[in-house]
Amino acid sequence: MTLTQLQAFLAAVRHGSFSAAARDLSISQPAISDLVRRLEDELGAPLFMRGARRLLLTAAGDELLPFAEQSVMAAEGGAQAVKSLTTLEGGTATFGLLRNADYYLLSNLAKEFHAKHPKVRIRLVGQNSAETAEAVLAGDLEAGLIVLPVVLSGLKAIPLVRDEIVHVTRDREVLQSGSTSIESFAQRPLILYDAHYAKRDPTRRQVVDRAETAGLTLAPQIEVEQVESALALVSDGIGDTFTCRAVAASPTFPKDLGVVPFDPPIYDTIALVKKSGHTLSAATGELAKLARTTLLKMAHSGEGTWQAVERRAK
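Only a predicted model underlies this, so the values are computations on that prediction, with no experimental measurement involved.

1. Focus: the overall build of the chain
Logical step 1: When helices and strands are tallied, the chain shows 12 helices and 11 strands.
Logical step 2: Principal axes of the C-alpha set define a box for the chain whose edges measure 105 × 35 × 30 Å.
Logical step 3: Counting only residues that meet the buried cut, the chain has 44% of its 314 residues in that class.
Logical step 4: Surface exposure of the chain reaches about 15,900 Å², of which carbon and sulfur atoms provide 52%.
Logical step 5: Treating the 34 positive side-chain charges of the chain as one cloud and the 36 negative ones as another, the clouds have centres 8 Å apart.

So this is what it looks like as structure tokens:
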């Protein structure tokens, strides 16, 4: 039993004659008759009998009818679903964002994408880069933006832009020094964020690794989850922290705080990540392209604090 046979059967039922069914399906009448005959041979029962003016269903035809309708409808629905994915007329774009996406002008990503492709559903998940990488590898997300370094086994990462990590303090003497070494930073009372992820967080991992290379241990007095909480505590004079320049340049950055770069500099690299060998769906691919274009456009324009790693958007 084939889908073509069932389509011929339903067309004959709908139009009441093989000739009308043939015109509907744009094939010859003998072809329609042959398809129905072979279906009857396979089932071992006649499906039609000739009435005065039109074909009439037999008892076997009546039994087959609802199953034929369900089969053809399911096949057509599946074809339409796949077509929707490839034509951006449906489907779902699943994409991971940085938890501090607002600082990188990505807050309007959903709005811009929806305006261009209103029939596509959007699922944006903001979380730590370590979690985003794991979610992409597991197939829970198709792609996402992450901060490097993370474990990339089974993943492909395309570096886009980089943003400098800076020492945040309210100490005037530190700010007047112009830069800070990892040795000086390690001696300060420290407030570190991303407490849940600790060294799994890519930004903290880089700073901790720099300290460990120098034979030092970063021992925070306070650990919190959000960068905003850490900044509030620094503003209260309890200690110092680090963050990226995008956060330090934001309007919400506390006015009584300042930043100095590390010497030598430390950078966050923001990358687009997907599973190795995996082709993104049209919807997610278009969303990824929009996210990448947004970052690179700001980097090339000089309006952001970050520098382009890619020479141009592809």
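2. Some words on the side chain of Glu142
Logical step 1: You can see Glu142 is positioned in the loop between α6 (129-138) and β5 (143-148).
Logical step 2: Here Glu142 is buried and forms no salt bridge, its nearest opposite-charge partner Lys274 lying at an N-O distance of 8.9 Å.
Logical step 3: Among the polar contacts made by the side chain of Glu142, one reaches the side chain of Ser281 at a distance of 2.7 Å.
Logical step 4: There is a polar contact of 2.7 Å between the side chain of Glu142 and the side chain of Thr284.

3. Some details on α6
Each full turn of the α-helix corresponds to 3.6 residues, which orients residues three or four apart in the same direction.
Logical step 1: Taken as a whole, α6 has its buried residues at Ser129, Ala130, Thr132, Ala133, Ala135 and Val136.
Logical step 2: Along its buried surface, α6 packs onto β3 (92-98), β4 (121-127), β5, β6 (155-169), α9 (202-213) and β10 (258-275).
Logical step 3: Here α6 starts with a cap whose side-chain oxygen sits 3.0 Å from the backbone nitrogen of Ala130, and that cap is Asn128.
Logical step 4: In the stretch just after α6, Gly139 is the one whose phi turns positive, near 90 degrees.

4. Concerning the nonpolar core
Across soluble globular proteins, nonpolar side chains show a tendency to be buried alongside one another.
Logical step 1: With 56 residues, the main nonpolar core has Phe95, Tyr104, Leu145 and Leu295 as its most contacted residues.
Logical step 2: No other element matches the 9 residues that helix α12 (residues 282-301) contributes to this core.
Logical step 3: Not counting the four nearest positions on each side in its chain, Leu145 is found in contact with Phe95, Gly96, Leu97, Leu98, Leu106, Thr132, Leu160, Ile270, Ala271, Leu272, Ala291 and Leu295.
Logical step 4: Ala8, Phe9, Leu47 and Phe48 belong to the second largest nonpolar core, which has 20 residues in total.

5. A closer look at the pattern of salt bridges
Logical step 1: The full count for this structure, using the stated rule, is 14 salt bridges.
Logical step 2: Here Arg38 makes a salt bridge to Asp34, at a shortest N to O gap of 3.0 Å. Here Arg38 pairs with Asp34, and both are found in helix α3 (residues 29-43), just 4 residues apart, close to one helical turn.
Logical step 3: Since its relative accessible area comes to 27%, Asp34 is described here as partly exposed.
Logical step 4: Across the pair Lys199 and Glu212 runs a salt bridge whose closest N-O atoms are separated by 3.3 Å. Residue Lys199 is located in the loop between β7 (191-192) and α9, and its partner Glu212 is located in helix α9; the two are separated by 13 residues in the primary sequence.
Logical step 5: Residue Lys199 is classed as partly exposed on the basis of its relative accessible area, which comes to 36%.
Logical step 6: Taking the relative accessible area as the measure of exposure, Glu212 reaches 45% and is therefore partly exposed.

6. Topic: the packing of aromatic side chains
Logical step 1: In total, this model carries 5 aromatic pairs according to the counting rule given.
Logical step 2: Taken together, a centroid distance of 5.9 Å and an interplanar angle of 85 degrees make the contact between Phe18 and Phe48 edge-to-face. Of this pair, Phe18 sits in helix α2 (residues 18-25) while Phe48 sits in strand β1 (residues 48-50), and the two are 30 residues apart along the sequence.
Logical step 3: Residue Phe48 is classed as buried on the basis of its relative accessible area of 12%.
Logical step 4: With a centroid separation of 5.2 Å and 75 degrees between ring planes, the pair formed by Phe185 and Phe262 is classed as edge-to-face. Of this pair, Phe185 sits in helix α8 (residues 182-186) while Phe262 sits in strand β10, and the two are 77 residues apart along the sequence. Both residues of the pair, Phe185 and Phe262, belong to the buried class.

7. A word on unusual backbone geometry
Logical step 1: For the bond running from Leu148 to Pro149, omega is 10 degrees, close enough to zero to count as cis.
Logical step 2: Considering the arrangement of structural elements, one finds Pro149 in the loop between β5 and β6.
Logical step 3: For the bond running from Asp263 to Pro264, omega is 0 degrees, close enough to zero to count as cis.
Logical step 4: Position of Pro264 among the secondary structure elements: in strand β10.
Logical step 5: In this model, Asp194 sits at a positive phi of 60 degrees, which is unusual for a non-glycine residue.
Logical step 6: Along the chain, Asp194 falls in the loop between β7 and α9.
Logical step 7: Under the relative-accessibility criterion, Asp194 is labelled buried at 6%.
Logical step 8: Phi is positive for Ala198, close to 50 degrees, though the residue is something other than glycine.
Logical step 9: Inspection of the secondary structure puts Ala198 in the loop between β7 and α9.

Procedures and definitions
- Residues numbered from 1 in each chain as written.
- Predicted model: local features only at pLDDT ≥ 70, side-chain atom pairs only at ≥ 80, totals over all residues.
- Heavy atoms only, no water.
- Helix = DSSP H or I, 4+ residues; strand = E, 2+ residues; numbered from the N terminus.
- Buried < 20%, exposed > 50% of the residue type's maximum accessible area, 1.4 Å probe, protein only.
- Areas by Shrake-Rupley, 256 points an atom, 1.4 Å probe, with all protein chains shown as cover.
- Lys, Arg positive; Asp, Glu negative; His and termini not counted.
- Charge placed at Lys NZ, Arg CZ, Asp CG, Glu CD.
- Salt bridge = Lys/Arg side-chain N within 4 Å of Asp/Glu carboxyl O.
- Polar contact = N/O pair within 3.5 Å; in protein donor to acceptor, adjacent residues only side chain to side chain.
- Contact = heavy atoms within 4.5 Å.
- Core = buried A, V, L, I, M, F, W, Y, C linked by side-chain atoms within 4.5 Å.
- Phe/Tyr/Trp six-rings, centres within 6.5 Å; stacked < 30°, edge-to-face > 60°.

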